[in-house]
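Commentary on secondary and tertiary structure
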Amino acid sequence: MEENSYLLNTSIEKGLLEKEAEKRLEKFGKNVLVEKKPFALVIDFFSTFFSPLILLLIGASFISAVLGDLNDFLIILGIILVSGFVTFFQHFRAEHTAEKLKQKVTLSTTVIRDGQKKEIPFSHVTIGDIIVLGVGDIIPADSNVLSAKDLMVDESMLTGESFPIEKSTEHKNLFLGTHIVSGETTAVVTAIGKNSRFGKLSREILVTKPQTSFDKGVNSFAILVLKVVLVMTVIVFGANAFLHHNILEAFLFAVAVAVGITPELLPVILTINLARGALKMEHHEVIVKYLPSIQNLGGMTVLCTDKTGTLTENAVSLESYQDIDGEKNQNTLLYGVLVSNFQSGFHNPLDLATIAHKHMISLSDYKKIDDIPFDFSRKMASVIVEDLKTKKKFMATKGSLHTLLPKITHYLKGNRAFLLDKKAKSHLEKLFVTMSENGSRVIGVAFKNVEKDHGFEPSDENNLTFVGFLTFADPVKESAKKTLKEMEDLGVVVKILTGDNEFVSKSVCSKVGISSQFLVLGPDMEKMSDEELSKKIKTTSIFARLNPEQKAKIIELLKKQGEVVGYLGDGINDAPPLKTSDVGISVHNGSDIAREVADVVLMRKSLEVLKEGIVEGRKTHMNILKYIQMEISSNFGNMVTIAIASFFLPFLPLLPVQILLNNFLYDLSQMAIPSDNVDSNLIIKPKKWDISFIKRFMFLFGSVSSIFDFLTFFVLLGILHVTVAAFRTGWFVESLLTQTLVIFLIRTRMFPFFKSKPGKLLIISAAIVSVVGIMLTVFPVGRYFSFVPLSSRFYIFIFGITVLYLFCVELAKKFFYSRINQ
C-alpha cells in the first residue's frame, strides 16, 4: 500500500517530499507548543508600563495637568517612558541571549523525506512525516504506529503511570513528549504542537517548573518589600494630606515615593544577571536551558552522579574476552559482537567498544532473524541469528551477570557444554568479582540453539549456556581526584549513584579518593524504611546496582534533609532522577530524554566543567544579592526619612518629579552590577536565599542612611538656612551621591572596601550618574525639575557628609558581618 488517507497523503517508503513538507509547515505552523504571537515585541514593550504604581502615578499626574500643572506631567511622563525603554531593551537583550544558548541543545529526530533518512529539528516536523524512532528517543509529535518491534513507551508525563506501555499497530497512538524505553518503531505524524494531546492538556506544562529555592527567595523578598511599601506609603500620604491639606498633591507624592522605593528593576536585574551568567557558563562549556537553575547550581550542596565520564575518561575499550577459566576465548567475542552489532535501538559505549572488534569475525556468515532489545529491568539483550554455513539458528545473549545467571543452566568449556552446578556457579561468581575489583566492567555472554524464526519474547531467554566474559576498561581521569577535592573545597559533596555492581564501583572510587567504607546496594534499599535510608544516605558516598526509581528516591530524601541536590546523568533511564533533583544536568551527546529534562547541559561530561559552572552560579547569585542589598537598604532609609519628615516639615521634602528623577538615575547606575567582579571569598560556600539576613541588613543600613538624611536636613535648614527649593535640591544631590557611591562598600565584605576591585563598568556608571546628578542642579535645564543652584559652602558640607556616611557604613558593615555566618 503506497498511498492512502490513513497515511495522510504520504508514502511509507519515501515519506514526504521536501517541497510538500515546506508547504505543510507553512500551512500548519511549526511543531511548537507556544508560538510567538504577532506584535509580541510591541506588547512586551507596553507591558513594561502596566505596573499598578506606574499607572496610578500617570493618572494622578494627568489630573494635576488638567488642573494646570502641565509641566510636571510632561516631565513625569518623559521619565517613565525613558525608564521603560531602558528596562525593556535590557530585558529583551538578556532574554534573546538566553534563547540563543538554548538553541545550541535543541532536540532533533529522524524522518524520511524524499526517500532518505535525515535529522531535522523537532520544530520542523509536520503532519504526514514518517518518523523513525528507537530506544531513548522522545516522540516529537502525536503519531500512529506503522511498524513496531518490542515497543515500550513511557507515558508517565501524561498519565502519571510509572510503568511503560506496550505499543503496536493495534495499540498505535504515540504522543508528543513521551519517550521510548525499549524497541523501535516507524510512525506517521498525525498532530503537532498545540494541537497534540500534550498541547491540548495544558500549554503551561512546558514552562511550569517546581518552585526552586531561587523562586521562593524572590517571592519572599517581594512580599517583604510589599509590606514595607504599603505601611510606609499610607503613613506618608496620611501625614501630608492632614498637615498640608492638599490631597491630590499628597497622593501624587505618596505614589511617587512608592514608585521610588519599589525595586521595579529587580526582574530586569535578575534576568540580566542570569543571562550574563549563562553567557559566561557557555565559555566554560555549560549551556543553561532554564535560567533560574543557575542559582540552584551555585547553591548546590550535593552532586549525585554516575562514575562513567565523570570519574573515568568515558573511553571504553574491550579489554578481554575469556571463558569460564579466564582464558582468551574466540566464541565469547563472536557472540558478543553478534549481539552488539545486530541488536536494534540504542548502542551504549560497551556495544561500540565490542563492535570495534567485528573485523575479527566474519559477520557476513551470519544473518539476523530477530532480536529482543535491551531494557533496564532485564539488563540484557539478545539476537536470534542464522549461521549461513551450517543453516543453524541460535540466540546470543549478553548482559549483567546478576540478571543473566538465573537464566543459565550450562556452561561451555572448549566445545562441550557442562551442567552449571553449585561449584561451577561459585567459580563463575568469584571470577566475576575478581575482575570487577580490578576496575573492569564485566558483561556475561551466553547462547542457546533455537528452532523457531519469529515471535521471540524476553521469556525465551532461558536454558542458556554460559560462554564467557567480556571485560571493558575505562581509565580513571587523571584530574578526577584533584577536581573532587576542589568540589569538596566549594562545599559540594559528591555521591556516586550507579547501576554498576559494587565491586567495580568501589575499585574506581578508591582510585579517586571517594570513601567506600559505607556502601548501599539497590536490592538492600528495598528492605529499608525511609527513616533507615535517610540515616544511611548521610554517611554513604557510593550507591550501586540502582534502578532509576531508586536514584530518584535517594535524591528526594536528600532534599528533605535540606540539601540542594544536583544530578548528572545522560542515559535514557536518567529522566526520573533528573526531574527529581533541584538542578538536572546532562551532556550534549546524551539521550534525547535526558537532554530535554535537564536544566543544564554540559558540552563535555566532566566534573571540571561542572565545577566552573558552580562557581559562575555563585557569582551570579552574589551580584543579584548586591542589587537587593542596595535597593532594600537605601529605599528603606529614604522611606523612614520621608515618613518622619512628613510630620515636622511644613513642605514636601522632594517633589514627585524629583523623586522619579532620583530613582531613574540611581537605577541606571545599578544596571552595571551584573558585570561587577565577585570576591573569591564569597564563592567558597553554596549560596542560598536568606530573607532574615536581608531583613537585618535592611534595618541596620537603612537606619544609617536615615540618620545622615536628617543630618543633611539639619545642615540645610539649621546652618545654611536655605529656601525650600534649595532644600529639595540639596537633599536630591546628597541622596543621589550617597546611595550611588555606597555600592562600592556594600558590594564587598572586605574591610576596608578598597581591597576589593570593582568592575570597570560599575565605576564608570557610578561616576557618570553622580556628575549628571550634580550638573542637573547647575545648568538651566534644572529649573524644569524645580532645582536651583547651590552655594560652594553646600558642596563643602555635602562632601563632608558623604565621606562621613561612607565611613560609618564601613564600620556598620564590619559590625554586621562579624555577627552573622553568611
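Residues numbered from 1 in each chain as written. Predicted model: local features only at pLDDT ≥ 70, side-chain atom pairs only at ≥ 80, totals over all residues. Heavy atoms only, no water.

1. Side note on the nonpolar core
Formed by 114 residues in total, the largest nonpolar core has its most connected members in Leu-303, Leu-311, Ile-585 and Ile-694. Considering every element that reaches this core, the biggest residue donor is helix H22 (residues 607-648), with 18 residues. In this structure, Leu-333, Leu-363, Ala-396 and Phe-447 belong to the second largest nonpolar core, which totals 27 residues. (Core = buried A, V, L, I, M, F, W, Y, C linked by side-chain atoms within 4.5 Å. Buried < 20%, exposed > 50% of the residue type's maximum accessible area, 1.4 Å probe, protein only. Helix = DSSP H or I, 4+ residues; strand = E, 2+ residues; numbered from the N terminus.)

2. Topic: the sheet that holds strand E20 (residues 542-544)
The strand order across the open sheet built from eight strands is E8-E23-E22-E21-E9-E18-E20-E19, with neighbouring strands paired in mixed fashion. Looking along the sheet, the strands with just one partner apiece sit at the ends: strand E8 (286-288) and strand E19 (519-521). Pairs of neighbouring strands in the sheet enclose a mean axial angle of 20°, with direction left out of account. (Pairing = 2+ DSSP bridges. Axes fitted to C-alpha atoms, helices over the stretch in contact; angles between N-to-C directions.)

3. Quick word on the side chain of Lys-813
Checked against the element boundaries, Lys-813 lands in helix H28 (residues 792-817). For Lys-813, a relative accessible area of 3% puts it in the buried group. A polar contact of 2.8 Å, which involves the side chain of Lys-813, links it to the backbone oxygen of Met-750. When neighbours within four sequence positions are excluded, Lys-813 is seen to be in contact with Phe-701, Leu-745, Thr-748, Arg-749, Met-750 and Phe-753. (Polar contact = N/O pair within 3.5 Å; in protein donor to acceptor, adjacent residues only side chain to side chain. Contact = heavy atoms within 4.5 Å.)

4. Focus on the packing of helix H25 (residues 724-741) against helix H27 (residues 760-778)
The contact between H25 and H27 brings their axes to 10 Å, and the two run at 175°. One way to sum up the angle between H25 and H27 is to call them roughly antiparallel. In this structure, H25 uses Thr-729, Phe-732, Val-733, Leu-736, Leu-737, Thr-740 and Leu-741 to contact H27, whose residues at the interface are Ala-766, Val-769, Ser-770, Gly-773, Ile-774 and Thr-777. Taken together, the residues that form the contact of H25 with H27 break down as eight nonpolar, five polar and no charged. (Parallel < 35°, antiparallel > 145°, perpendicular 65-115°, else oblique. Nonpolar A, V, L, I, M, F, W, Y, C, P; charged D, E, K, R; others polar.)

5. Description of unusual backbone geometry
The bulk of non-glycine residues show a negative phi, and the bulk of peptide bonds are trans. The omega angle of the peptide bond from Phe-751 to Pro-752 is -5°, so this bond is cis rather than trans. You can see Pro-752 is positioned in the loop between helix H26 (743-746) and H27. Phi at Lys-391 takes a positive value of approximately 65°, unusual for a residue other than glycine. With respect to the helices, strands and loops of the structure, Lys-391 is situated in the loop between strand E12 (380-387) and strand E13 (393-399).

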